[in-house]
Amino acid sequence: MYHLRRIAILAVVVGLVIFLATFLPRVLNPVPPSKEKQEADQRWINTSPHWLDRQACRWFSLCGLLHLKSDPPAKPKNKDDHGHELRHLLGQDPTTASSRGGSNNRNSQLKEIPDYVLNYAPLVHLYSQEFFWPSDIADHMKHVTPDLDDGTWTFNESEPLTLSNLNELSSKLGFEHVNSKDDVESRPRWLHSKRNRPVAFSDNDEGQIQESEPDQFLSDETTWYEVDRDHPLQRISDPRKLPGGRPRPLARRSLIEPFREQQRLMSHEDQDESNKPDESGYSRAPATLVLVDKGSGIIDAFWFFFYAYNLGQTVLGTRYGNHVGDWEHCMIRFEAGIPRAVFFSEHEGGQAYAWHAVEKRGNETEIQRPVIYSAVGSHAMYATPGNHPYVLPFGILKDVTDKGPLWDPSKNLRGYWYDYQAKEDEGLEPVKENADAPTNWFHYKGTWGDKLYGLDDIRQWRLFGQYHYVTGPQGPKFKNLGREKVCQTWRCRIIHSIAEGKKGSWHS
């Protein structure tokens, strides 16, 4: 009887493992893999040098068990790190965020950033205990190398990888990934980008958080929520008035002189690198602003935020989802200069909020700007601080946000206008305020981080379909910038209150 009981327990355990191995991956990845992905997965499993590991991976979805170990956010200081984190000052690098250079003829042809885009630029609360701060994509190029066979990369000295030649070299040499020059598990300083932590806002700005009242909501007098050049704006009521007959307000920031942001962008009076800037919310890492004209007076302002590293979340003490390079974004849709909605990117999806629903910062005499919360490690973007469960039930997997350092991306950015209907490798132009900003990088089709590590790499494991390290992301061009709806995917629901947004997540 004793042995029978042990055999029954063992059968139950084996049955549970098999159930989890087949059911859990389908829950986490509900889209059935294509034949090509299945074949690629078999090749990946075959990278393991151990027969037992390959069988456990195929039959029980337990891959690289011998590689399991703790993966803390920070490691002891690397003695071999020679301070690669230090960057060129603005104006000293051809790929900097703003520059006065360039021909006058070209400058006259370029479009400026509309006032209202900067007036209503988002403010981002980074997590207070964040380990991986915003990074400069120009600096990132110095720490990665094309994913090519040994000896193939011959341009390293004569033509280093930069934002100005990334796509050109990718097309010429055929690489689709850029890999870190350093072992990321040694946590080199450039991965953390601590010097890019935003300068704290002054205490005088505290307590100015405002939320719109329901009676201030804009009515849906047009189809602003579903517009592109092939689907023009449709008017469903008098567009010249707001509810109650009030005139449409002008998009302007009353207490800030005209073009202040543009003048700041073009300023080269930077302090010595050892001194912190004195402006609240400034980060050394430029944000990327991509403006897309959808026609009918609709402008989508995409704010992209880059981080050198994405630290995945832990489930039952095991970390999943790390990758080099991390692009996050929010998008503000404007109709005739009036903000209508905000999209928050979250992992593979995101949520769209009506403008009146999101938290704002600013007092009654100032333009009120939307506030975004960036999750620790993953940098996913949310409308509120706190815990944000996703995919798994019972809060097993969750993002965490709080009111950490407040980042004002409008104070340091690279700005562009993008025509999503242009020919391949065309359509991107820098804004007039930074006429010499590079554009070649934007068309790069590959990833901004390491290729998926194989099972022969001791840093890699995969349990129930979830990898310790995944492939880095593609860049801004591949975030559906020509979208008709506010959301990144076709399935899109506009959320009209914070309470409504808390009921679901990006995948619901």
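What counts, and at which threshold
- Residues numbered from 1 in each chain as written.
- Predicted model: local features only at pLDDT ≥ 70, side-chain atom pairs only at ≥ 80, totals over all residues.
- Heavy atoms only, no water.
- Pairing = 2+ DSSP bridges.
- Helix = DSSP H or I, 4+ residues; strand = E, 2+ residues; numbered from the N terminus.
- pLDDT = per-residue confidence, 0-100.
- Contact = heavy atoms within 4.5 Å.
- Buried < 20%, exposed > 50% of the residue type's maximum accessible area, 1.4 Å probe, protein only.
- Axes fitted to C-alpha atoms, helices over the stretch in contact; angles between N-to-C directions.
- Parallel < 35°, antiparallel > 145°, perpendicular 65-115°, else oblique.
- Nonpolar A, V, L, I, M, F, W, Y, C, P; charged D, E, K, R; others polar.
- Disulfide = S-S within 2.5 Å.

A.B. asks: Teacher, can you tell me more about the sheet that holds strand β21 (residues 462–463) here?
C.D. replies: Paired through backbone hydrogen bonds, the strands of a sheet run either parallel or antiparallel to each other. Sheet architecture is open: three strands sit in the order β1-β21-β22, paired in antiparallel fashion. Strands at the two margins of the open sheet, each flanked by one partner only, are β1 (62–63) and β22 (466–467). Bridge count for β1 against β21 is two bridges, and the pairing is antiparallel. Bridge pairing in β21 links Leu62 to Leu463.

A.B. asks: How do you make sense of the confidence of the model for the protein when you look at a structure like this?
C.D. replies: Low pLDDT marks regions whose predicted coordinates should not be analysed in detail. Per-residue pLDDT for the protein averages 79, and the proportion of residues at 70 or more is 73%. pLDDT under 50 marks residues 205–209. Its contacts with residues more than four places away, or in other chains, come to eleven contacts. Here residues 211–218 is a poorly scored stretch, pLDDT under 50, and it has 13 contacts once near neighbours within four places are set aside; other chains count.

A.B. asks: What is the right way to look at the environment of Asp149 in this model?
C.D. replies: Note that Asp149 resides in the loop between β3 (144–146) and α7 (166–173). Overall, the relative accessible area of 63% leaves Asp149 in the exposed class. Sequence-wise, Asp149 and Phe175 are 26 residues apart; in three dimensions their C-alpha atoms are separated by 9.8 Å.

A.B. asks: Whenever I open this one, the sheet that holds strand β23 (residues 494–495) confuses me. Can you help?
C.D. replies: What the eight strands build is an open sheet, ordered β20-β19-β6-β7-β10-β11-β12-β23; its pairing is mixed. The sheet is open, and its two edges are formed by β20 (428–430) and β23, each paired on a single side. In this structure, strand β6 (residues 287–295) lies alongside strand β7 (residues 298–310), joined through seven bridges in antiparallel fashion. Within β7, the residue paired with Leu289 across the bridge is Trp303.

A.B. asks: It is not clear to me how the packing of helix α2 (residues 35–45) against helix α3 (residues 51–60) should be interpreted in this structure. Could you clarify?
C.D. replies: The angle between the axes and the distance between the axes are what describe a pair of packed helices. Contact geometry of α2 with α3 gives a least axis separation of 10 Å together with a crossing angle of 150°. If you check the angle between α2 and α3, you find them roughly antiparallel. Along the contact surface, α2 presents Gln42, Trp44 and Ile45, while α3 presents Arg54, Cys57 and Arg58. When grouped by side-chain class, the residues that make up the contact of α2 with α3 number three nonpolar, one polar and two charged.

A.B. asks: When you look at unusual backbone geometry in this model, what are you seeing that I'm missing?
C.D. replies: Backbone geometry follows two general trends: most residues other than glycine have a negative phi, and most peptide bonds adopt the trans configuration. At Ala336, a position not held by glycine, the phi torsion is positive, near 55°. One can find Ala336 in the loop between β10 (323–335) and β11 (338–346). Take Ala336: its relative accessible area is 59%, and that puts it in the exposed class. Notably, Phe464 is not glycine yet its phi reads approximately 55°, a positive angle. By secondary structure assignment, the location of Phe464 is in the loop between β21 and β22.

A.B. asks: What's the story with the state of the cysteines in this structure? I'm lost.
C.D. replies: Note on terminology: disulfide describes a covalent bond linking the sulfur atoms of two cysteines. Taken as a whole and assessed by the stated rule, the structure comprises two disulfides. Note on cysteine connectivity: Cys57 is disulfide-linked to Cys63, with sulfurs 1.9 Å apart. A torsion of 75° about the S-S bond marks the disulfide between Cys57 and Cys63 as right-handed. Relative accessible area serves as the criterion here: at 3%, Cys57 is assigned to the buried category. The disulfide that involves Cys487 links it to Cys492, with 2.2 Å between the sulfurs. Looking along the S-S bond of the Cys487-Cys492 disulfide, the torsion reads about 70°, which is the right-handed sense. Residue classification places Cys487 among the buried residues on the basis of a relative accessible area of 5%. Cys492 sits in the partly exposed class, given a relative accessible area of 25%. Sequential numbering of the bridged cysteines in the protein gives the disulfide pattern 1-2, 3-4.

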